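The chain contents come next:
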Amino acid sequence: MADVAKRAGVSSQTVSRVSNGHQNVDADTRDRVLAAMSAVGYRPNSAARALKTGRFRTIGVIMFTLSTFGNMRTLDAIATATAEAGYSITLMPLSHPTQGEVAGAFTRLSEQAVDGILIIIEAHILDRADISLPAGIPVVIVDSDAADPYTVVDTDQRQGARLATEHLLALGHPTVHHVAGPPTSFSSARRTEAWRASLEAVGAPVDEPLVGDWSAESGYRIGAQLAQNPAVTAIFAANDQMALGVLRALHEAGRPVPDDVSVVGFDDTEESSSYWPPLTTVHQDFSAVGRICVQRLLAEIEQNAAAAGTTIVPVRLVERASTAPFAARVATTP
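Here's a quick rundown of the structure.

The rules behind these values
Residues numbered from 1 in each chain as written. Predicted model: local features only at pLDDT ≥ 70, side-chain atom pairs only at ≥ 80, totals over all residues. Heavy atoms only, no water. Pairing = 2+ DSSP bridges. Helix = DSSP H or I, 4+ residues; strand = E, 2+ residues; numbered from the N terminus. Axes fitted to C-alpha atoms, helices over the stretch in contact; angles between N-to-C directions. Contact = heavy atoms within 4.5 Å. Buried < 20%, exposed > 50% of the residue type's maximum accessible area, 1.4 Å probe, protein only. Lys, Arg positive; Asp, Glu negative; His and termini not counted. Salt bridge = Lys/Arg side-chain N within 4 Å of Asp/Glu carboxyl O. Polar contact = N/O pair within 3.5 Å; in protein donor to acceptor, adjacent residues only side chain to side chain.

It is worth spelling out the sheet that holds strand β11 (residues 309–313) at this point. As summarised here, the arrangement of the six strands in space is β2-β1-β3-β4-β5-β11, forming an open sheet in which the pairing is parallel. Each of the sheet's edge strands pairs with one partner strand only, and the pair in question is β2 (88–93) and β11. Looking at each pair of strands side by side, their axes are set apart by 20° on average, direction ignored. Here five bridges tie strand β5 (residues 151–155) to β11, and the two strands are oriented parallel to one another. Residue Thr155 lies in a different strand from β11, and its bridge partner there is Val313. Here helix α11 (residues 286–303) sits on the sheet in contact with β1 (58–63), β3 (116–120), β4 (139–142), β5 and β11, set at roughly 165° to β4.

Quick look at the environment of Ala204 now. Relative to the elements of secondary structure, Ala204 occurs in the loop between α8 (186–201) and β7 (210–211). Counting along the chain gives 29 residues from Ala204 to Thr175, while the straight-line C-alpha distance between them is 5.5 Å.

A few words on the sheet that holds strand β12 (residues 316–318). Strand order in the open sheet formed by six strands is β7-β6-β8-β9-β10-β12, with mixed pairing between adjacent strands. This sheet does not close on itself; its edge strands, each paired only once, are β7 and β12. One ladder, built from four bridges, connects strand β9 (residues 262–267) with strand β10 (residues 280–283); its direction is parallel. From the neighbouring strand, Gly265 faces β10, where its bridge partner is Thr281. On top of the sheet, α8 reaches β6 (177–180), β8 (234–237) and β9; it is set at about 170° to β6, its chief contact.

This paragraph deals with the side chain of Arg191. Relative to the elements of secondary structure, Arg191 occurs in helix α8. Summary of buried charges: Arg191 has no salt-bridge partner, and the nearest side chain of opposite charge, Asp267, is 4.2 Å away. A distance of 2.5 Å separates a polar side-chain atom of Arg191 from the backbone oxygen of Ala238. In contact with Arg191, other than residues within four places in its own chain, are Gln157, Ala161, His178, Trp214, Phe236, Ala238, Phe266, Asp267 and Gln284.

With an omega dihedral of 10°, the bond running from Val257 to Pro258 counts as a cis peptide bond. Within the secondary structure, Pro258 is located in the loop between α10 (240–252) and β9. Phi is positive for Trp214, which is not a glycine, with a value near 80°. Positionally, Trp214 belongs in the loop between β7 and α9 (216–227). On the accessibility criterion, Trp214 (14% relative accessible area) is buried.

Here you go:
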């Protein structure tokens, strides 16, 4: 540190402030110090820093699955936000969404010296109704029913399903059929509840939802079943991947989209605008979810500012070419 200070023409305290990411250093001085660090090969000793400050500048992330689009986008945003804040992440994947697995991962991360923990479990904890964690370390949970004991961040799943269902009803369709996600998923349950409530609010018929597993293959299987029913004119799929499978099944069955059947998805994946036809879908801001999670956790770590309760990130409907008025279908029907 003394060598860096001498080379940069600053005090050792200034070098310390730069190495610790403090903001009270002007840009020119910071650049000069960073250049001097590079020239002499100086790297802060994280272990020594942790002993001095009591912080490890590492966040643990517990996840049930890496396979879903939402989880991966959220994790990507978390990684970016933590890096920008000068933190790193330690990922702890789970094989099963159980209280025992979560508690075990929590303990292992605590032993690996993390400052706080983010938990991304979009599935119900299978062996109990809620999450129970040891006290003493800051925690933020994504997409859960943990409610008041913890800080929770989620997108507005119910509002998204309402927007999708009401959009199809506004186009004149007599009802909307639903391709649901797995019943273990919080997101799927909320979307199904809101779809059902939206139909009941206007007195529209409510057929039982057909359950998929988030994959395009399950959407294709269910879509082939729905395609055989001529009364099906509008379908809301609980994610874009299942909607893709539905589109393929409808095309193969000779039921053109949107002239004969309108389809809406959920997520607004990068590829959804390239489906044929381009997919009307609900946009979720996964980047905002990740940023807010990190902000909430760092506030608790650095300022002891815990904020129990749920923060909801808004969604919006993106209208594309996969939906059309019911009247258009009637006009083209022989």
